[in-house]
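# Geometric and topological summary
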Amino acid sequence: MIALSVSKNQIPIPNIEGTEAETTVSFFQGGHKESLYWGTYRPNVYLGIRARTPQSLVAGLMWTCVKDGRFSMRHVCQNADELKKYGWMRHNGRDYGHQELVDQDMTLMTSFFKSKEDGSGYGGDWTVRIDVRNENSKLSEDLQQTAHLFFYLADEDGNALSLSRDLLDIHDNSLLAFGSRKDIGSWHLHLTSMDDLEVHYSGFKTPHIHNLSDLVQQNLGAQVRKFGHLQLSDTSDDSSNILVFQVGCQGGSIPFRADIAFVSGTDLGGNSRLKDRLNSLTGTLLTTRLDEKEREFDDKFKNSFSLTDELDFESISIGKAAVANLMGGIGYFYGQSKISLPKTSDFKSGERYISYWPAELYTAVPSRPFFPRGFLWDEGFHQLLIWRWDIQICLDIVGHWLDLMNVEGWIPREQILGAEALSKVPEEFVLQHPTNGNPPTLFLVLRDLVFGMKKNKFTAAERDQISSFLERAFVRLEAWFQWFNTTQSGMATSSYFWHGRDNTTTRELNAKTLSSGFDDYPRASHPGDEERHLDLRCWMLLAADCMYSISKLLRKEKELGKEYGSTAKLLSDFAILNQMHFDDAYGAYFDFGNHTEKVRLSWQEVGGTNHYASRELVREVLERPRLRFVPHIGYVSLFPFMWRILPPDSLILEKQLDLISNRSILWTDYGLRSLSKTSSMYMKRNTEHDPPYWRGPIWMNMNYLILSSLHHYSKENGPYKDKAKTMYSDLRSNLIRNIVRNYQQTGYFWEQYDQKKGKGKGARVFTGWTSLVLLIMAEAYSEW
């Protein structure tokens with residue numbers, strides 16, 4: 001039974017030591033916490049900096065653009081801006097990142113650098129270098145008139161920020177603003193440049209920092225109407241907690257460069273020491289330090305991924321962009337999730353939800369413009385790459401996710417924390433449902449770490465960190481496993497089904513299974529408790545096997561591991577798996593449930609407003625459903641193959657290889673389709689407004705897992721070894737070639753790829769699990 005209340009004050013949260021406490025316990029401490037305090041942790045904006053603390057100083061960048069005579073402001077990442085390109089070319093996740101943004105004829109390059117010096121406040125100092133250049137030798141008239149940048153600093157806690165007295169004479173005094181906070185002490189913000197810069201400013205007092213773009217545009221609009229000049233008003237509200245600085249060259253000329261340095265702990269050192277620190281964060285010394293960081297990134301990339309000689313320079317550059325955008329897309333969020341109440345609940349009259357406790361989350365995000373927030377099942381795939389880049393960051397992120405677990409062992413699948421995150425989410429997706437799960441993909445990375453420990457892949461210090469983390473995390477992992485094992489279990493022994501499908505839908509061709517991550521992938525036509533979902537059974541095998549391995553590593557197998565070992569053995573039993581999910585007629589594995597293929601959407605007249613009828617697509621069932629296999633070959637069918645349950649000499653393995661390699665079923669020149677061309681649901685809309693999502697297009701996360709298993713079977717002795725090897729080589733080449741081609745043509749990674757022509761589809765700037773292309777390039781796969 002799931003608890004209705006998830007208030008932190010009412011429900012004790014299991015901490016990492018296994019005792020009951022009313023507060024969560026963080027997984028990061030000491031120097032590790034401080035070293036990651038400041039960062040580019042606002043991935044939803046083109047450049048955003050904040051600290052990992054609930055009420056932080058936040059900084060960011062805006063700029064103006066005129067297109068077809070219309071003025072607009074760039075700030076929040078969005079496709080409507082139509083930037084030709086933007087993203088991190090290098091980012092180490094800690095103290096350095098370099099980004100390029102191309103907007104019409106203007107190129108912006110932003111470099112982030114962080115350092116901890118003697119006298120620095122908590123978390124150290126940081127600086128942003130902004131280079132503005134023109135793409136063409138002759139600038140358009142619009143660009144000449146509007147080449148203005150707006151750098152801002154805001155205090156989420158509402159603390160007043162002070163302006164420098166000499167702000168409008170920036171040549172003699174570089175100080176822009178100053179203030180003080182409990183976390184970092186006193187601080188200064190400086191601007192330096194070799195160019196003849198002009199600075200204007202405006203100060204605002206408001207708690208609504210996520211609406212900052214509107215405030216700036218309103219200020220500029222008023223100035224244009226009054227004076228005909230596109231410049232801030234050089235005024236400030238009393239006790240302003242937001243300061244915006246307009247920076248540009250006289251007459252809007254380009255190119256120009258500006259260094260904006262944030263110096264903390266200014267009350268701790270003398271003036272000469274502060275001057276030295278400022279000099280090291282700007283000008284020629286900053287150039288030297290950025291060059292060093294670029295070389296360090298390239299060296300670490302080479303050592304972390306060991307790409308083969310077959311890859312050309314362009315492919316390697318795209319591999320760098322993959323890890324850079326993933327690391328640069330890590331964000332910090334703080335807020336309260338909204339948890340739905342059961343329809344029968346009378347918790348509060350008229351209330352549809354209750355609030356989770358205030359929580360923080362440090363996480364990578366799938367897409368900066370479309371999904372700039374945490375998604376549970378995406379995060380496990382992100383960490384497959386991140387742990388190979390920075391094990392500390394990986395453990396920190398996993399720890400933050402486990403800190404979101406309630407007393408029942410449930411973790412909300414989508415994290416919409418804070419006003420900035422909430423502003424990007426349609427209302428119907430805000431509520432989280434405590435009866436519904438999400439694939440426990442974090443076990444993918446934990447299994448990698450445990451196997452790496454066995455194979456001595458880590459340094460002694462890393463081994464200690466991983467062991468300590470697993471020891472502390474074990475009680476939460478247990479709770480997570482038990483939540484799945486009890487709430488998602490099916491009617492038949494060792495069966496499971498995803499809860500949350502709508503069995504009353506009259507609009508959907510096939511009731512969605514959002515909790516599975518596969519959204520509109522076809523399941524049984526009539527949802528019910530009799531369902532057996534093949535993918536969830538395999539996720540539970542992964543979780544049980546991983547828990548058993550962790551138990552052995554921590555020497556807990558006698559007291560705790562026996563249950564996990566027996567569960568893993570049962571779920572990996574080849575005969576039982578075949579009995580419950582294998583269809584001899586198709587030679588494929590399927591879900592099982594109450595199903596008919598004779599379901600369609602048809603136009604029907606329905607009652608409308610003002611006595612006018614309207615036409616809508618309505619679900620029609622033309623045949624009584626019956627309990628049977630659900631005959632749709634696709635990603636779900638391949639889960640036993642992906643989990644390597646099939647013996648290498650099994651005829652069933654041969655049948656899976658045949659399905660994968662068949663061009664009429666899954667194979668394309670760009671990767672494997674999510675659903676077979678032979679399926680009755682192939683590329684069918686699920687509603688009038690829902691185009692096919694997991695019904696044909698190519699997705700990188702599943703292609704990576706399938707490729708990983710092809711690699712495994714290509715090395716296993718058996719009659720299908722050579723066939724698996726050939727298929728592995730061909731599929732790997734197809735995936736790399738298509739993603740590289742799309743990146744070259746568009747400047748972006750994509751959410752999915754068209755199965756007919758390989759063109760990027762869905763959300764663009766979707767690094768997320770599409771960054772797994774780098775692991776494919778490096779042939780870095782999970783082993784167990």
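Attention here is on the structure that accompanies the text. (Residues numbered from 1 in each chain as written. Predicted model: local features only at pLDDT ≥ 70, side-chain atom pairs only at ≥ 80, totals over all residues. Heavy atoms only, no water.)

## Quick notes on the environment of Gln755
Inspection of the secondary structure assignment puts Gln755 in the loop between β33 (750-753) and β34 (760-764). Judged by relative accessible area, Gln755 falls into the buried class, the value being 4%. Placed 59 residues apart in sequence, Gln755 and Gly696 show a C-alpha to C-alpha distance of 6.6 Å. Within the local environment of Gln755, its side chain forms a polar contact with the side chain of Tyr682, the two groups lying 3.1 Å apart. (Helix = DSSP H or I, 4+ residues; strand = E, 2+ residues; numbered from the N terminus. Buried < 20%, exposed > 50% of the residue type's maximum accessible area, 1.4 Å probe, protein only. Polar contact = N/O pair within 3.5 Å; in protein donor to acceptor, adjacent residues only side chain to side chain.)

## Remarks on the layout of surface pockets
Put simply, the largest pocket is a space of about 1,600 Å³. Every residue lining the largest pocket is counted, 46 residues in all, and those nearest its centre are Ser340, His433, Thr435, Asn436 and Gly500. By residue class, the composition of the lining of the largest pocket is 18 nonpolar, 13 polar and 15 charged. Approximately 950 Å³ is the volume found for the second largest pocket. Lining the second largest pocket are 33 residues, with Phe371, Phe429, Asp519, Tyr693 and Glu751 sitting closest to its centre. (1 Å grid on protein atoms, 1.4 Å probe; cavity = no way out; pocket = protein on both sides within 12 Å on 5 of 7 lines; lining within 4 Å. Points joined across faces, edges and corners; volume = space filled by probe spheres on them. Nonpolar A, V, L, I, M, F, W, Y, C, P; charged D, E, K, R; others polar.)

## Structural notes on the packing of aromatic side chains
Counted under the stated rule, the structure contains 48 aromatic pairs. The ring of Tyr362 is capped by Arg52, whose NZ or CZ atom sits 4.2 Å from the centre of that ring. Across the ring face of Phe592, the terminal group of Arg532 is positioned such that the distance to the ring centre comes to 3.9 Å. (Phe/Tyr/Trp six-rings, centres within 6.5 Å; stacked < 30°, edge-to-face > 60°. Lys NZ or Arg CZ within 6 Å of the ring centre and 35° of its normal.)

## Examining the packing of helix α5 (residues 283-305) against helix α6 (residues 313-328)
Contact geometry of α5 with α6 gives a least axis separation of 11 Å together with a crossing angle of 95°. Here α5 lies roughly perpendicular to α6, going by the angle between them. From α5, Phe297, Asp298, Phe301 and Phe305 reach across to α6, where they touch Ile316, Gly319, Lys320, Val323 and Ala324. Split into classes, the residues belonging to the contact of α5 with α6 amount to six nonpolar, one polar and two charged. (Axes fitted to C-alpha atoms, helices over the stretch in contact; angles between N-to-C directions. Parallel < 35°, antiparallel > 145°, perpendicular 65-115°, else oblique. Contact = heavy atoms within 4.5 Å.)

## Notes on the sheet that holds strand β10 (residues 125-134)
Read across the open sheet, the eight strands follow the order β7-β8-β9-β10-β18-β14-β13-β12; overall the sheet is antiparallel. Each edge of the open sheet is held by one strand with a lone partner, namely β7 (85-91) and β12 (162-163). One ladder, built from six bridges, connects strand β14 (residues 185-192) with strand β18 (residues 256-264); its direction is antiparallel. Counterpart to His188 in the pairing with β18 is Val263. Contacting β7, β8 (96-103), β9 (106-115), β10 and β18, α5 crosses the sheet at an angle of about 85° to β9. (Pairing = 2+ DSSP bridges.)

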